[in-house]
Amino acid sequence: MDAETQPHCPNCGTVMREHARGFRCGGCGHVIDISDELATVVVPPEFDGPGIHGG
C-alpha cells in the first residue's frame, strides 16, 4: 500500500503499516484491529471459466 492509502496513527500521526490484525504504528505501537472485517471478505476465485482443454 502507498502512504496515501494507509491510515495514520490516531495517537501520534505516523503512517501505519500492515499487521496480521490490521494496521500497526511503528512509532508508538498502536494497533487498529480490523480482523473481524477481514474475516468477512470473500475473495473470488482468480479464474472460474473453462480450462484450456475444455475441462
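Rules behind the numbers
- Residues numbered from 1 in each chain as written.
- Predicted model: local features only at pLDDT ≥ 70, side-chain atom pairs only at ≥ 80, totals over all residues.
- Heavy atoms only, no water.
- Salt bridge = Lys/Arg side-chain N within 4 Å of Asp/Glu carboxyl O.
- Helix = DSSP H or I, 4+ residues; strand = E, 2+ residues; numbered from the N terminus.
- Buried < 20%, exposed > 50% of the residue type's maximum accessible area, 1.4 Å probe, protein only.
- Pairing = 2+ DSSP bridges.
- Axes fitted to C-alpha atoms, helices over the stretch in contact; angles between N-to-C directions.

Peer 1: Where do I start with the pattern of salt bridges in this structure?
Peer 2: Between side chains of opposite charge, a pair can form as their charged atoms come close. Taken as a whole, this structure holds 1 salt bridge when the rule is applied. Measuring nitrogen to oxygen at the nearest pair gives 3.8 Å for the salt bridge that ties D33 to R21. Here R21 lies in the loop between β1 (17-19) and β2 (22-24) and D33 lies in strand β3 (residues 31-33), a separation of 12 residues in the sequence. R21 gets classed as partly exposed once you look at its relative accessible area, which sits at 40%.

Peer 1: Help me understand the sheet that holds β1, please; the structure alone is not making it clear to me.
Peer 2: Taken together, the 3 strands give an open sheet; going across it, the order is β1-β2-β3, and neighbouring strands pair in antiparallel fashion. Among the strands making up the open sheet, the edge pair consists of β1 and β3. On average, each strand axis in the sheet is inclined to that of its neighbour by 30°, with strand direction left out of account. Pairing of β2 with β3 involves 3 bridges; the strand directions are antiparallel. Bridged to R24 within β3 is V31.

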